[in-house]
Amino acid sequence: MSQYQFETVKVTIKDNVAHVQMNRPKSLNSFNPQLIDDVRNAFTALGKDTNVRAIVVSGSGRMFTAGLDLKNNTISASKSGDLARLTYSKRAHLKEFQDAFTAIEGCSQPVIAAIHNGCFGAGVDMVTACDMRYCTKDAYFCVKEVDIGLAADVGSLQRLPKVLGNQSLVRELCYTGRNFYAAEALQHGFVNRVYDSQDELIAESLKIAATIAQKSPVAVVGTKHNLLYARDHSVPEALAYTVTWSSAMLNTEDIPKSVEAFVTKKPANYSKL
Ligand SMILES: CC/C=C\C=C\CC(=O)SCCNC(=O)CCNC(=O)[C@H](O)C(C)(C)COP(=O)(O)OP(=O)(O)OC[C@H]1O[C@@H](n2cnc3c(N)ncnc32)[C@H](O)[C@@H]1OP(=O)(O)O
């Protein structure tokens, strides 16, 4: 039995690649508290699993996700207590939601989002925390929060501008809540590629993950870590950080192994981190 057992998330691992499937198809994988907890716990655990070298996340059923579970909305649910206590408990709840997606961004291995059909609200928060995005031709994205009376607060407003690099487009999407379809997402670099069907999307995403899983884990983990650092720091700061990181990681056996693989024309077999 897999060590990864969750109520609303299915995790399968094959050849060092983990596939995380959100599994609430009847409510279109909308985020209820259980799904939020399961996503956070799954990615926190997978991030520490040195047998896993790349991760694909997808949604089961007919849509990637319909966003926040509007029928089980615990964020605006009233509780008893004074204003400070109410506010404090809301803050803690919201932070747990944020942490679920930050666990994706922060997990050591690259995470690929494989999106089919709708990706609403919290789904955009989720996929902007992933390293790469691929989708089907029927996919569409919607920063829907404006339509339910809130400013997106679990990552889209912070990460979407970094992913798209186009403030004007980001603001249009966030202020209007309009659908952003696959072709436009491809044109603006929000997704890397568009596939005809969900089967093809999953197969190709797993293939990309398998390619990453065959590389040196020291190199891949270091690349993710340093790219993330560079995104949030100046070039001189990030260079200074990388020089320290690499001074340690250059001691890896993976470099001579890679050179040997090149010379002998045989694939390198890297050990786990
Ligand atoms: C608060 C801080 C943290 C995070 C905040 C995040 C904010 C957001 O995520 S905003 C986005 C919220 N989501 C939405 O506004 C989408 C609402 N859903 C729809 O508009 C439509 O359902 C649809 C996604 C466009 C799909 O439409 P359709 O194909 O016609 O299917 P339906 O019959 O409407 O839905 C099937 C089934 O799923 C249930 N469902 C759909 N969306 C949600 C949802 N977000 N939460 C809970 N349940 C949902 C829908 O009620 C149907 O259930 P039945 O039992 O069959 O009626």
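Worth saying up front: this structure is predicted, and the values here are computed from it rather than measured. (Residues numbered from 1 in each chain as written. Predicted model: local features only at pLDDT ≥ 70, side-chain atom pairs only at ≥ 80, totals over all residues. Heavy atoms only, no water.)

Caption draft 1: Molecular detail of the site of the ligand. Surveying the vicinity of the ligand reveals 23 residues, the closest of which are Arg62, Ala66, Leu68, Leu70 and Lys71. Leu68 places a main-chain nitrogen or oxygen 2.7 Å from an oxygen atom of the ligand. Considered on its own, the ligand offers 1,100 Å² of accessible surface; in the complex 68% of this is hidden by protein. Class assignment for the residues of the shell around the ligand results in 12 nonpolar, 4 polar and 7 charged. (Near = heavy atom within 4 Å. Polar contact = N/O pair within 3.5 Å; in protein donor to acceptor, adjacent residues only side chain to side chain. Areas by Shrake-Rupley, 256 points an atom, 1.4 Å probe, with all protein chains shown as cover. Nonpolar A, V, L, I, M, F, W, Y, C, P; charged D, E, K, R; others polar.)

Caption draft 2: Helix H2 (residues 83-106), seen in detail. The end-to-end C-alpha distance of H2 is 33 Å, a good match for the 34 Å that 24 residues give at a rise of 1.5 Å each. Considering bend angle alone, the principal kink of H2 is centred on Ala100 and spans about 25°. Regarding H2, the residues found buried are Phe97, Ala100, Phe101, Ala103, Ile104 and Glu105. For H2, the secondary structure elements touched by its buried residues are helix H1 (33-48), strand S4 (111-115), helix H3 (122-128), helix H4 (156-164) and helix H8 (217-231). (Helix = DSSP H or I, 4+ residues; strand = E, 2+ residues; numbered from the N terminus. Expected span 1.5 Å × (residues − 1). Bend = angle between axes of the 7 residues up to and from the residue. Buried < 20%, exposed > 50% of the residue type's maximum accessible area, 1.4 Å probe, protein only. Contact = heavy atoms within 4.5 Å.)

Caption draft 3: Representation of the sheet that holds strand S5 (residues 118-120) within the structure. Pairing is mixed in the open sheet, where 3 strands are placed in the order S5-S7-S8. This sheet does not close on itself; its edge strands, each paired only once, are S5 and strand S8 (179-181). Neighbour-to-neighbour, the strand axes of this sheet turn through a mean angle of 20°, independent of strand direction. Two elements, strand S7 (residues 140-142) and S8, share 3 bridges in a ladder whose sense is antiparallel. Its bridge partner lying in S8, Phe141 is registered against Phe180. (Pairing = 2+ DSSP bridges. Axes fitted to C-alpha atoms, helices over the stretch in contact; angles between N-to-C directions.)

Caption draft 4: How the structure looks around the packing of H8 against helix H9 (residues 235-249). Contact pair H8 / H9: the axes reach a minimum separation of 10 Å and the direction vectors enclose 160°. Here H9 runs roughly antiparallel to H8, going by the angle between their axes. Here H8 and H9 pass one another in a crossing that is right-handed. Judged by residue contacts, Val218, Gly222, His225, Asn226, Tyr229 and Ala230 of H8 engage Glu237, Ala238, Tyr241, Thr242, Trp245 and Met249 from H9. (Parallel < 35°, antiparallel > 145°, perpendicular 65-115°, else oblique. Left-handed = near helix turned anticlockwise from the far one by under 90°.)

Caption draft 5: Structural detail: empty space enclosed by the protein. Tallying each qualifying case throughout the model produces 3 cavities of 30 Å³ or more. As a volume, the second largest cavity reaches approximately 50 Å³. Lining the second largest cavity are Val124, Phe141, Cys142, Val143, Leu160, Leu173, Arg178, Phe180 and Phe190. The class makeup of the residues in the lining of the second largest cavity is 8 nonpolar, no polar and 1 charged. (1 Å grid on protein atoms, 1.4 Å probe; cavity = no way out; pocket = protein on both sides within 12 Å on 5 of 7 lines; lining within 4 Å. Points joined across faces, edges and corners; volume = space filled by probe spheres on them.)

Caption draft 6: Seen up close, the sheet that holds strand S1 (residues 9-14). Ordered by their spatial adjacency, 6 strands build an open sheet running S1-S2-S3-S4-S6-S9, and the pairing between neighbours is mixed. Two strands bound the open sheet, and with one partner strand each, they are S1 and strand S9 (193-195). Put simply, the sheet's adjacent strands are angled 20° from each other on average, direction ignored. Sheet topology note: the strand S6 (residues 132-136)/S9 ladder contains 3 bridges and is parallel. Directly across from Thr136, in S9, lies its bridge partner Tyr195. Packing of helix H7 (residues 198-213) onto the sheet brings it into contact with strand S2 (17-22), strand S3 (54-59), S4, S6 and S9, and relative to S4 it is tilted by some 170°.

Caption draft 7: Looking closely at the packing of H4 against helix H5 (residues 167-176). It is the contact of H4 with H5, at a shortest axis distance of 9 Å, that shows an interaxial angle of 140°. With respect to each other, H4 and H5 are oriented oblique. Between H4 and H5 lies a crossing whose hand is right-handed. Here Leu157, Leu160, Pro161 and Leu164 of H4 come into contact with H5, specifically with Gln167, Leu169, Val170, Leu173 and Cys174.

Caption draft 8: Expanded view of the nonpolar core. By size, the foremost hydrophobic cluster in this structure holds 50 residues, and its most contacted members are Phe31, Phe43, Phe101 and Phe141. The leading source of residues in this core is H1, at 6 residues. The contacts of Phe101, once residues within four sequence positions are left out, are Phe31, Ala122, Asp125, Met126, Ala129, Val154 and Arg159. Counting residues in hydrophobic clusters, the runner-up holds 15 residues, among them Ala54, Ala114, Ile202 and Val220. (Core = buried A, V, L, I, M, F, W, Y, C linked by side-chain atoms within 4.5 Å.)

Caption draft 9: Structural detail: a nonpolar patch on the surface. Nonpolar side chains collect at one region of the surface, where Leu250, Ile255, Val259, Phe262 and Val263 lie side by side and expose about 530 Å² of accessible area between them. Residue placement: Val263 occurs in helix H10 (residues 254-264). (Patch = residues over 30% accessible without salt bridge, like charges linked within 9 Å, V, L, I, M, F, W, Y side chains within 5 Å. Salt bridge = Lys/Arg side-chain N within 4 Å of Asp/Glu carboxyl O.)

Caption draft 10: The arrangement of the pairing of S2 in detail. Among the 6 residues of S2, 5 are classified as buried, and the element is accordingly described as predominantly covered. In textbook terms, the turn of a hairpin is the stretch between consecutive antiparallel strands, and for S1 and S2 this stretch comprises 2 residues, one of which, Asp15, has a positive phi near 50°. In the sheet, S2 pairs with S3 via 6 bridges, with the strands oriented parallel. Looking at the pairing, Val20 lines up with Val57 of S3.

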